[in-house]
Amino acid sequence: MSINHLWIIVSACFVFFMQAGFVCYEVGFIQSKNVISVAIENIITFVITTLVYCFIGFALMFGKSHWGLFGGNFWFLNNLSQAHNSLGFVFVFFELMFAGTAVTIVSGSMTERTRLLPLLIADVFLAGFIYPLYGHWVWADMFTNQSAWLKQLGFMDFAGATVVHCTAGWVSLAGIIIVGPRKDKWDDHGRIKKLGRSNIPFAVLGTFILWFSWFGFNGGSLLEFNDRVGLILLNTNFSAAAGVVGAVLTTSVFIKNHSYMEAVFSGALGGLVAITAGSNYLYPFQAVMVGFIAGVVVVLASLLLEKLGLDDAVGAVPIHGFGGAAGTILLALFTPVEFLGGQTRIVKILVQLSGVILNFVWAFGLGLLMFYTIKKTLGLRVTEEEEDKGLNIVEFADIYSWQDYLKMTHYENLT
Amino acid sequence: MSINHLWIIVSACFVFFMQAGFVCYEVGFIQSKNVISVAIENIITFVITTLVYCFIGFALMFGKSHWGLFGGNFWFLNNLSQAHNSLGFVFVFFELMFAGTAVTIVSGSMTERTRLLPLLIADVFLAGFIYPLYGHWVWADMFTNQSAWLKQLGFMDFAGATVVHCTAGWVSLAGIIIVGPRKDKWDDHGRIKKLGRSNIPFAVLGTFILWFSWFGFNGGSLLEFNDRVGLILLNTNFSAAAGVVGAVLTTSVFIKNHSYMEAVFSGALGGLVAITAGSNYLYPFQAVMVGFIAGVVVVLASLLLEKLGLDDAVGAVPIHGFGGAAGTILLALFTPVEFLGGQTRIVKILVQLSGVILNFVWAFGLGLLMFYTIKKTLGLRVTEEEEDKGLNIVEFADIYSWQDYLKMTHYENLT
Amino acid sequence: MSINHLWIIVSACFVFFMQAGFVCYEVGFIQSKNVISVAIENIITFVITTLVYCFIGFALMFGKSHWGLFGGNFWFLNNLSQAHNSLGFVFVFFELMFAGTAVTIVSGSMTERTRLLPLLIADVFLAGFIYPLYGHWVWADMFTNQSAWLKQLGFMDFAGATVVHCTAGWVSLAGIIIVGPRKDKWDDHGRIKKLGRSNIPFAVLGTFILWFSWFGFNGGSLLEFNDRVGLILLNTNFSAAAGVVGAVLTTSVFIKNHSYMEAVFSGALGGLVAITAGSNYLYPFQAVMVGFIAGVVVVLASLLLEKLGLDDAVGAVPIHGFGGAAGTILLALFTPVEFLGGQTRIVKILVQLSGVILNFVWAFGLGLLMFYTIKKTLGLRVTEEEEDKGLNIVEFADIYSWQDYLKMTHYENLT
């Protein structure tokens, strides 16, 4: 075991910690009456991802390829331990955390009106089919010595801006279309209402946790510890910072009666998502550009969603979908010639665009099919009355914390 | 200094971070009126552990053995710096974090009705005597080239399921017996009431922090960085995931009007505790089995405690006591023959069982003696009136945060 | 890339995580009506530090020295990638996190009555001028082979107790003098009122995060991974623990009607700040002494500030200013002769004292000038009415979370 393995393992632990970041971020952005439901759901989602991805998804993604479409060995981690100079289990551990990130994003966007069980079924399809197959096309050669056809075409996605984040973003988009907006999202006059934000400081904590974890996400994706790591981490940080600048400026230009609060969050996270594609192929100034543009894109995408009457409770579609797509395409614009791999810049842009479109068709299409099927069979949404009551009580019968809350209030009146 | 030292140090930092995880977890599970008291207490407890364990406990645990019963040099870290190829201070730092974990668990279970000072005195005995002595019998050979008699018998406890978690769990059990249940835990008709849960999302954050830290707990326990680390971390993760499945299924079978919320927490943490014994000696499928069974055991143990009228505010006894014992024994059932060390499986099971029973007798017995003595001398419990008021105010005179709260409420009425 | 680079990178990630720690700590200590403002401000502050420090501050701090006063190359990170055996970007990443720590401290102390925009302008000066210039005088030789005149005189500041923490503390002192106390801090009879403490458990989480991050702060400052790391981390931990003891004892002696709560926080953080100067030059017993005395100093400094009518919302001046100064001077008292570098202990004490005084004159003087200028031009403070309403609403128009809160209260009344 070498220093490379150590770096991958530490990075994987950091990426695992994204689960904590998403919990804080999502809980902070939604209504109090649903926070318990969302928080617990995040644990269950990771449990499902662990079992489904390790036993099935990993084999589809990194196993020996059949016609370039899907992998086909390492089922249930068989024959893995001896593989690849003992990298085997280390690599599974690392990749599991990436799958965990993709899956957890989806439930956030649909929260506050979607039942728990249908979401968990969607997790299974996402971790066991949608995510690993697209991943196979781009990353199949990371573990096994074989071709990954999309990568062979020249598609570049260093740490998963498209593979992880866009996939999650477009499945989320399908989900919020099928499940519909939260009932109070638009008032009787069609004016949008802001809901939730039960605990913004908690969301800030979540954002810093995610930012921290991203150093593992991008840095670890080298799969070795070499002299590019410093640059990658600096790029990651620059893009997050520039994302905030881009998002704040866009907000001040395009949004009346704006609060900069949302811009700060979506700029930072949009910048982090976007640089995921190219943190290894850019220099700091280009990373700043990528982050800045991603910040602009995320704010505009949020506006677009609102215009279309779509309701994304935590901004997953603008941040992960649009942010990831922007970063993947911008990479072709900004990367030095040496990383174009012999293609002209125009060709590289078209290749990146194709990969992004293919990802959209795949993830959004299957997402629609999946959520539509679930809706027509199991049902997807809570009743109006349940939505009013809140999912804390509906899903987890959480009346005890209300009792605690009441007692606190009672005591206060005596003071 | 080698890559091994780096891995131990990073792992130790992760294990330190468990302190943050326990704070969030405990605060989330108890009543608002006690959260400040518990949170501050966690800092003080770690302060005491630092001083007592490093200056005394470490010497008893890892010093040169007297009759196999206790160590007897390195008092106050003397002669340590030059010891063991400069591993000295690194090893103390690592082991301190393990002691810190053991000690912090106990105060959680007894919270909401126990005075601060008696708990701190108990910390001193735990960090300076109960924990290091049992630890000496199992781990004395980890640092000094000498025999650890329980390990010589064949007792296996890789990262401390028994040494750390059971010890803490059984001392907790003694504590909750002596201090008695919280006054509102059973109503006038003898029906159990759920108390607290002031902030479940905070508890979820705590659970993810603990999960993250556990990668250091188990991974670092190798005391080197070799090709088993990947497997150990995967096993750790599998057991946590399977623990949730086991606990949720058990809950749905055995508990009427159940909420799955508690099952998710205790399953994940129970799985993590259980795999601590054998993460280095199992393969993923066996880790799944260990976690699953631990999830079952923890839920049943919780029911048992309720039947017995025992009140554990944060589930420390079921999770750390029963979970740790289950994992230690299951290890003998599931480990491949190569790790049986020449013993037959039956013998190994009996050895593991003996080690677990000895630990119970030692930790529970001394725990009873300690808390009984404290109760009869200093007193252990707050008055009924103080319990009603809450320990925030009783222990830390926290009236300011109430004032802040009142002002907030006042402002709201003006809106 | 070697194990040294890996250690620096992991440490830098830990130090970045201090941002999360400061958010939790500050949010916990202030009034609810300002928590959103402070939390978001922490993100923006780090964004500004990233851009200003990397593009300008780093060049001033570590570039080729002009007359020993300031550095003058590496502007905008030019010519950095090839520098120093590929340490270049790694080192910038590491140093950025230190600058981020210094800058974020200042805004905390002035919070609850200072406008956002003036604070951000102060961030620019701090990250781009005040911090890097003093840093140049002490640390200019860390990256480029040249003299750092203050270090040449024998001034020792291993990881920045003076360079980072005192600088931040004294600029904070200037800030709270110029902006004045919060309007409700003293009542009509001149009696001090405690304000805020909206969420003490969150502040405890922040404290543990900071403690964790400090292992990277001090450990990483070696800039290599050698056999001193274990000792450095142990010293760091001892000093924090002893700081709590010192602060609690001082509180019980000097403060009537005391609550130990504040002592626990300021003792731990004061101990961590103080040991930053000498964690590499002391042994555990001396680290305990440094921490203990720092705990005493921080509590007395808090009392002094109150006597002087100064209002520091989060204790930044006592902890970072006085704590850092104490640690820097105590180092000269306690370090073994071998680290005195040929100076007598008396001379060393005088040198340390001189460096601390120079730092005070520089940081406090420029801080006064800066905040005075801002006050006279842009204005620094919100109106009384705005201060009453709280900065959540004033700066970020956060009415939505109030609405969520109201709905929660409404539901509760129906229960």
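Above: the structure in question.
Let me begin by describing the structure that accompanies this report. Treat the numbers as computed from the prediction; the structure is a model and nothing was measured.

**Thoughts on the overall build of chain A**
Of regular secondary structure, chain A possesses 16 helices and two strands. At 21 Å, chain A has a C-alpha radius of gyration in line with the 22 Å of a compact globule built from 415 residues. Projecting the C-alpha coordinates of chain A onto the three principal axes gives extents of approximately 70 × 50 × 45 Å. Sorting the 415 residues of chain A into buried and exposed places 68% on the buried side. Of all intrachain contacts in chain A linking residues separated by at least 6 positions in sequence, the fraction that spans at least 24 positions is 79%. If you sum the accessible surface of chain A, you get close to 12600 Å²; carbon and sulfur atoms cover 63% of it. For chain A, the distance from the average site of its 22 positive side-chain charges to the average site of its 26 negative ones is 6 Å.

**Observations regarding the relation of the copies chain B and chain C**
For the pair chain B and chain C, the best superposition has an RMSD of 0.0 Å and corresponds to a rotation of 120° with a translation of 0.0 Å parallel to the axis. Considering both components of the superposition, the chain copies are consistent with a three-fold axis. Measuring from the rotation axis to each C-alpha of chain B, the shortest distance belongs to Ile3 of chain B, at 4.0 Å. The share of interface residues of chain B whose copies in chain C are also at the interface is only 19%, consistent with the copies meeting through different surfaces.

**Some words on the interface of chain B and chain C**
Listed by partner, the interface residues are 53 residues for chain B and 52 residues for chain C. Of the roughly 4600 Å² buried at the junction of chain B and chain C (both faces included), carbon and sulfur atoms supply 84%. Along the contact surface separating chain B from chain C lie one residue pair in polar contact (both at pLDDT 80 or more). A per-element tally of the side of chain B that touches chain C places helix H3 (residues 35-62) of chain B first, with 13 residues.

**Structural notes on the interface of chain B and chain A**
Counting from both sides, the interface comprises 52 residues of chain B and, opposite them, 53 residues of chain A. The tally of links between chain B and chain A comes to zero salt bridges. The tally of links from chain B across to chain A stands at one residue pair in polar contact (both at pLDDT 80 or more). The set of elements that each furnish at least two residues to the side of chain B that touches chain A consists of helix H1 (3-16), helix H8 (200-220), helix H9 (229-254), helix H10 (261-278), helix H11 (284-307) and helix H16 (400-414) of chain B.

**Points about the relation of the copies chain B and chain A**
Placing chain B over chain A gives an RMSD of 0.0 Å and needs a rotation angle of 120°, together with 0.0 Å of translation along the axis. A share of only 19% of interface residues in chain B that are also interface residues in chain A marks the association as one of differing surfaces.

**Details of the packing of H1 of chain B against helix H8 (residues 200-220) of chain C**
For the pair H1 of chain B and H8 of chain C, interaxial distance at closest approach is 10 Å and the crossing angle is 170°. As summarised for this structure, H1 of chain B and H8 of chain C are arranged roughly antiparallel, according to the angle between their axes. On H8 of chain C, the residues that touch Cys13, Phe14 and Phe16 of chain B of H1 of chain B are Phe208, Trp211, Phe212 and Phe215 of chain C.

**Quick look at the packing of helix H4 (residues 88-109) of chain B against helix H7 (residues 161-179) of chain B**
Residues and elements named next belong to chain B. Where H4 contacts H7, the two axes come as close as 8 Å, and the packing angle between them is 25°. Classified by the angle between their axes, H4 and H7 sit roughly parallel to one another. Seen from above, H4 lies across H7 with right-handed handedness. Contacts from Phe98, Thr101, Ala102, Ile105, Val106 and Ser109 of H4 reach H7 at Val164, His165, Ala168, Val171, Ser172 and Ile176. Taken together, the residues of the contact of H4 with H7 sort by class into eight nonpolar, four polar and no charged.

**A few points about the side chain of Asp312 of chain A**
Residue and element names in this part refer to chain A. Within the fold, Asp312 resides in the loop between helix H11 (284-307) and helix H12 (316-334). Buried and unpaired, Asp312 has no salt bridge, with Arg113 as the nearest side chain of opposite charge at 6.6 Å. Within the local environment of Asp312, its side chain forms a polar contact with the backbone nitrogen of Ala316, the two atoms lying 2.8 Å apart.

**Details of the packing of aromatic side chains**
All names here are of chain C. For the structure shown, the criterion picks out 129 aromatic pairs over all chains. On the numbers, 4.7 Å between centres and 0° between planes, the contact of Phe91 with Phe143 is stacked. Taken together, the residues span a long stretch of sequence, with Phe91 in helix H4 (residues 88-109) and Phe143 in the loop between helix H5 (116-139) and helix H6 (149-152) at a distance of 52 residues. Accessibility expressed as a relative area gives 0% for Phe91, which makes it buried. We classify Phe143 as buried; its relative accessible area is 4%. Ring plane angle 40° and centroid distance 6.0 Å describe the contact between Trp137 and Trp149, whose orientation is recorded as tilted. A residue pair is termed long-range when its members are at least 10 positions apart, and Trp137 in helix H5 and Trp149 in helix H6 qualify at twelve residues. Since its relative accessible area comes to 7%, Trp137 is described here as buried.

**Side note on unusual backbone geometry**
Residue and element names in this part refer to chain B. In this model, Phe74 sits at a positive phi of 65°, which is unusual for a non-glycine residue. Counting through the fold element by element, Phe74 comes out in the loop between strand E2 (70-71) and H4. With a phi close to 50°, Phe76 is a non-glycine residue in the positive phi region. The topology assignment puts Phe76 in the loop between E2 and H4. The class of Phe76 is partly exposed, set by a relative accessible area of 38%.

**Quick look at the pattern of salt bridges**
Residues and elements named next belong to chain A. Counted under the stated rule, the structure contains 30 salt bridges over all chains. The partner of Lys183 in a salt bridge is Asp388, and the shortest N-O contact between them spans 3.0 Å. With Lys183 in the loop between helix H7 (161-179) and helix H8 (200-220) and Asp388 in helix H14 (residues 384-389), this pair connects stretches of sequence that are 205 residues apart. With a relative accessible area of 29%, Lys183 lands in the partly exposed category. Through salt bridges with shared partners, one network takes in Glu112, Arg182, Lys185 and Asp311.

**Considering the environment of Ala240 of chain A**
Residue and element names in this part refer to chain A. Considering the arrangement of structural elements, one finds Ala240 in helix H9 (residues 229-254). Assessed through its relative accessible area of 0%, Ala240 is described here as buried. When neighbours within four sequence positions are excluded, Ala240 is seen to be in contact with Trp211, Gly267, Ala268, Gly271 and Leu272.

About the cut-offs
Residues numbered from 1 in each chain as written. Chains lettered and ligands numbered in written order. Predicted model: local features only at pLDDT ≥ 70, side-chain atom pairs only at ≥ 80, totals over all residues. Heavy atoms only, no water. Helix = DSSP H or I, 4+ residues; strand = E, 2+ residues; numbered from the N terminus. Rg over C-alpha atoms; globule rule 2.2 N^0.38 Å. Buried < 20%, exposed > 50% of the residue type's maximum accessible area, 1.4 Å probe, protein only. Contact = heavy atoms within 4.5 Å. Areas by Shrake-Rupley, 256 points an atom, 1.4 Å probe, with all protein chains shown as cover. Lys, Arg positive; Asp, Glu negative; His and termini not counted. Charge placed at Lys NZ, Arg CZ, Asp CG, Glu CD. Least-squares fit on C-alpha atoms with pLDDT ≥ 70 in both. Buried area = accessible area lost by both parts, 1.4 Å probe. Polar contact = N/O pair within 3.5 Å; in protein donor to acceptor, adjacent residues only side chain to side chain. Salt bridge = Lys/Arg side-chain N within 4 Å of Asp/Glu carboxyl O. Axes fitted to C-alpha atoms, helices over the stretch in contact; angles between N-to-C directions. Parallel < 35°, antiparallel > 145°, perpendicular 65-115°, else oblique. Left-handed = near helix turned anticlockwise from the far one by under 90°. Nonpolar A, V, L, I, M, F, W, Y, C, P; charged D, E, K, R; others polar. Phe/Tyr/Trp six-rings, centres within 6.5 Å; stacked < 30°, edge-to-face > 60°.

The analysis is restricted to geometry; functional conclusions fall outside its scope.
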